[in-house]
Amino acid sequence: MALQDRITYDEAAATARAEECQQILTTAPTMFDAEQQVARFLGGQVEDDLAYFGFWIPELQDLRVPSGDIFLELLDSVEPMDLTVSYQDVPFERVYVPVVRLDAHCFSAVRGMRPGRRDQIGDFYALVWRDSDGEWHRIFDPLAMSLPFGAMAPAELYDVAAMQTARGDTAYWEALKGDAPYKFGPPSNILQIHVPTATAGGTIAALTRQFERLAERVARDLPLEPADQIFMGYDSVQLLPVEPTTVYETGPAFWQETDAGDEGLTVSLRRPDTTNWGYDIVISGMAAVNPVLLETGRPDELIDLASVLHNFPGKPKKLVFDVVYGHSDNQGQWALNHHFFAGPNMYGQNLDYQNPAVRAILLEMQRRKVNFGADGVRVDGAQDFKYWDPAEQVLKHDDDYLQSMADIVQSVAGTEYRPWFVFEDGRPWPDEDWELSSTYRSVIEQQRDDDVFQWGPLTFAHNTPFLYTFWLGKYWRIRECLSVGANWISGTSNHDTLRRGTQVSPKMNINTRLGHSRMEILDKAYDNPAVHTLTYVALPGVPMDFLNAMARGSWGFIRNQDDKYGVKVVAEEAISLKWQVDEYSYSMPMNFRRLKALGYETRDDLARFCEFLPALVEVTEYDLEDIARLLNATDPKLAGPHYTVATLKQVARAWMDDMHDYCNIVHSLPGLDPVQCNYTHSLRKFRGARPWLRDNYGPKDHFGYLEPLNGRTVFTALRHGPDGEQVYTVIHMEGKETADVDPLRLDVPGLGGFGWECVLRSPGIGPDYLSGPIVLRDSMALVFTRKPN
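The notes below deal with the structure included here. No experiment lies behind these values; they were computed from the predicted model shown.

For the rest of this paragraph, the subject is the overall build of the protein chain. When helices and strands are counted, the protein chain shows 29 helices and 32 strands. In terms of C-alpha radius of gyration, the protein chain reaches 28 Å, essentially the compact-globule figure of 28 Å for 789 residues. Based on the C-alpha atoms only, the size of the protein chain along its principal axes is roughly 85 × 75 × 60 Å. In the protein chain, buried positions account for 62% of the 789 residues. The contacts in the protein chain between residues at least 6 apart in sequence include a share of 74% that link residues at least 24 apart. In the protein chain, the 73 positive side-chain charges and the 112 negative ones have mean positions that sit 7 Å from each other.

Set out below in structure tokens:
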């Protein structure tokens, strides 16, 4: 049936919705309270056989657009559409439906619409308005729940209630139901995952199948290979952001209209295929799932993953979402009205948190997204949530907004709950003295809940554990961890630190004891048995590992959407070639296919180009025409294409796409060391069996290092559990090997006596070692336990 024949505008329902919101705006205690309630009615929502739509449109007030020129645009494909193909031309029917205007809001209600579900594609919609010249303009829905073609395209009306009803983890949620909202506490540890590089498929569905496979093997008590073990021993999984990200700056668009008319149009549809590390968001569409990550184009895939994790045999795994509301990429201005923004920043645009409607909409986006079934939320860049105080003429941190984020009550499968929260906040970052002056406790000390976490000093940003003296230089921070680290995320491998490691100059004082090549050194620095032992045995807090580091895969700043600054980004990332790609890796046929096709047939070809590019970016102040001219003038001639502005951008795109493929962990899995993987898996199980290790040090606990140093840093830690168990560890962090040292005869208060058992030995120490003198080398560690008499 044609769209115009099956849908009916329900003016009475639309008017009733507008009147309800008018009453709220009139009687609520504050404007923010009012906008929070109204935000629940925004977006496209299915209620039985009625579809409601609400938009916040202050820009149309600014432009004095009359109500008669504002319509709800409905679109239905005339021919079948397939969300799993890369390209298709699809004819659409179009119908314009009236709206009820309420100052800065408008509402509509329509019967007969087809909502999207797992097994069907729904009708698409947007708001449109007509200017005085008769030209039409489109406003996208920032609160859409399904965006098959990204945030810069019409949204799909989606039946969220049906999606929630069909979820497979209902029993998990029902078991948590109580008189008051359930409050999630911290997990014992976290596995951080970048979905596109975590499996060969690179989608949420592929990751779900990986955990389904692991669950089946655990249920059947089947052995785990190294490629399995790196996913195991974690009771929570944190996904790097899964929200829609930026699109190609200069196209092609994923939704490109041709032959447009009032009653229909043809749309060239491209399956979204951008590559991104997840943090280049546009704010619009934050409640939806990035379509690049959806194998079927259905948001149900995210609920499927939550269900598999929650139903994992033995013990449920928690799901943690990583959300980015501290900034927007500049492309956000393409999708949102200017009232959302408060001026430029180093990432793109600040958001106007002081605007009551913006504040309410952002929180509503978060509420809808977490309702996919997340147990926890990690807030990216919490130090960036700021506003300008005109009275004091200073920028202030909006800690009230951060508190509002943590106060949101979620609802899944009839259970109300509040997630566990962790904030990345290094204030006063990016001030020059932030590494010295940040306490990493600013949010912890202001939030009402005592289980709020922050990223700790060993986790935040610029940690490079492969430089000599790193660990002794960080000793003062480690001492802080002992006394106040219970509510810190710990560990040195994450999406930020690994990337920073690839940008270190090889001319610095590198710890060459970590490996025979730069690739080995980098791999072991972020998957180091000694560091894991420090994190999982000696330090309080919640340990976090990054899957790409545990898989000893590659990583970097991945985004292929840039046109203007893409070459500059590659110049900044070029040094990573020295750390992550050797001649053999480059020569593999499946690696760097695009760059090879452009003329960089060998690693040396590419390396020479990467030596010139950063220098020329600097000396020309990023003048692409001058850069191209100078690259063409080199003697001997550089490999690659004849350089022009266009081919430079082509090389930059090829770099990003090839590096994205290269960073997929499937390439490194065959080379995993079974001994290393088994040891780190054992550490995770050891920590999981002793939840008290998360606590701060008590009066009987001890942490120190062997003195005199004699060219090495060896930590010792003795901890006491509430049941009387003692845990003792000796950890060689860096430097020369020790002389024969007897760990149980060291001068550590409380160590004396008998009954110690060696329970964990790092790689390099044989299983026959029980106690006594031993030579400890870089990255070696021992763990002992003693039960009470």
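So, about the side chain of Asp169. By the element assignment, Asp169 lies in the loop between helix H5 (160–165) and helix H6 (170–174). Residue Asp169 is classed as buried on the basis of its relative accessible area of 0%. Within the structure, Asp169 has its side chain in polar contact with the side chain of Arg167 (distance 2.5 Å). Filtering out sequence-adjacent residues up to four positions away, Asp169 remains in contact with Ala306, Ser307, His310 and Asn311.

Going through the model one piece at a time under the given rule, you end up with 52 salt bridges. Between Glu73 and Arg138 there is a salt bridge; the shortest N-O distance is 2.9 Å. Residue Glu73 is located in strand E4 (residues 70–77), and its partner Arg138 is located in strand E9 (residues 136–139); the two are separated by 65 residues in the primary sequence. The residue Arg378 makes a salt bridge to Asp322 at a minimum N-O spacing of 2.9 Å. Of this pair, Arg378 sits in strand E19 (residues 376–379) while Asp322 sits in strand E16 (residues 318–323), and the two are 56 residues apart along the sequence. In this structure Arg378 comes out as buried when scored by relative accessible area, which is 0%. Look at Asp322 and you get buried, because its relative accessible area is 1%.

So, about the pairing of strand E29 (residues 712–720). Burial analysis of E29 places 9 of its 9 residues in the buried class, which makes it a mostly covered element. Because side chains alternate across E29, one face comprises the buried residues Arg712, Val714, Thr716, Leu718 and His720, and the other comprises Thr713, Phe715, Ala717 and Arg719, equally buried. Here strand E28 (residues 702–705) runs beside E29; their pairing, made up of 4 bridges, is antiparallel. By the bridge assignment for E29, His702 is matched with Leu718. Hairpin geometry of E28 and E29 is characterised by an intervening segment of 6 residues between the two adjacent antiparallel strands and by a positive phi of about 50° at Asn710. Note that E29 and strand E30 (residues 726–735) share 9 bridges and pair antiparallel. Among the inter-strand pairings, Thr716 is bridged to a residue of E30, identified as Val730. What sits between the antiparallel neighbours E29 and E30 is a turn of 5 residues, in which Gly724 has the positive phi angle 95°.

Most of helix H20 (residues 529–538) sits out of view: 10 of its 10 residues are buried. Turning to H20, its buried residues number three or more, namely Pro529, Ala530, Val531, His532, Thr533, Leu534, Thr535, Tyr536, Val537 and Ala538. A distance of 2.8 Å separates the backbone nitrogen of Ala530 from a side-chain oxygen at the start of H20, and that oxygen is part of Asn528.

Okay, the packing of helix H3 (residues 31–39) against helix H12 (residues 356–370) next. Helix packing for two helices is described by the angle between their axes and how far apart those axes are. One way to put it is that H3 packs onto H12 with a least axis distance of 8 Å and a crossing angle of 40°. When the axes of H3 and H12 are compared, the pair comes out oblique. As H3 packs across H12, the resulting crossing turns out to be right-handed. Here Met31, Phe32, Glu35, Gln36 and Ala39 of H3 come into contact with H12, specifically with Pro356, Ala357, Arg359, Ala360, Leu363, Glu364 and Arg368. Classifying every residue of the contact of H3 with H12 by side-chain character gives 7 nonpolar, 1 polar and 4 charged.

Calculation criteria
- Residues numbered from 1 in each chain as written.
- Predicted model: local features only at pLDDT ≥ 70, side-chain atom pairs only at ≥ 80, totals over all residues.
- Heavy atoms only, no water.
- Helix = DSSP H or I, 4+ residues; strand = E, 2+ residues; numbered from the N terminus.
- Rg over C-alpha atoms; globule rule 2.2 N^0.38 Å.
- Buried < 20%, exposed > 50% of the residue type's maximum accessible area, 1.4 Å probe, protein only.
- Contact = heavy atoms within 4.5 Å.
- Lys, Arg positive; Asp, Glu negative; His and termini not counted.
- Charge placed at Lys NZ, Arg CZ, Asp CG, Glu CD.
- Polar contact = N/O pair within 3.5 Å; in protein donor to acceptor, adjacent residues only side chain to side chain.
- Salt bridge = Lys/Arg side-chain N within 4 Å of Asp/Glu carboxyl O.
- Pairing = 2+ DSSP bridges.
- Axes fitted to C-alpha atoms, helices over the stretch in contact; angles between N-to-C directions.
- Parallel < 35°, antiparallel > 145°, perpendicular 65-115°, else oblique.
- Left-handed = near helix turned anticlockwise from the far one by under 90°.
- Nonpolar A, V, L, I, M, F, W, Y, C, P; charged D, E, K, R; others polar.

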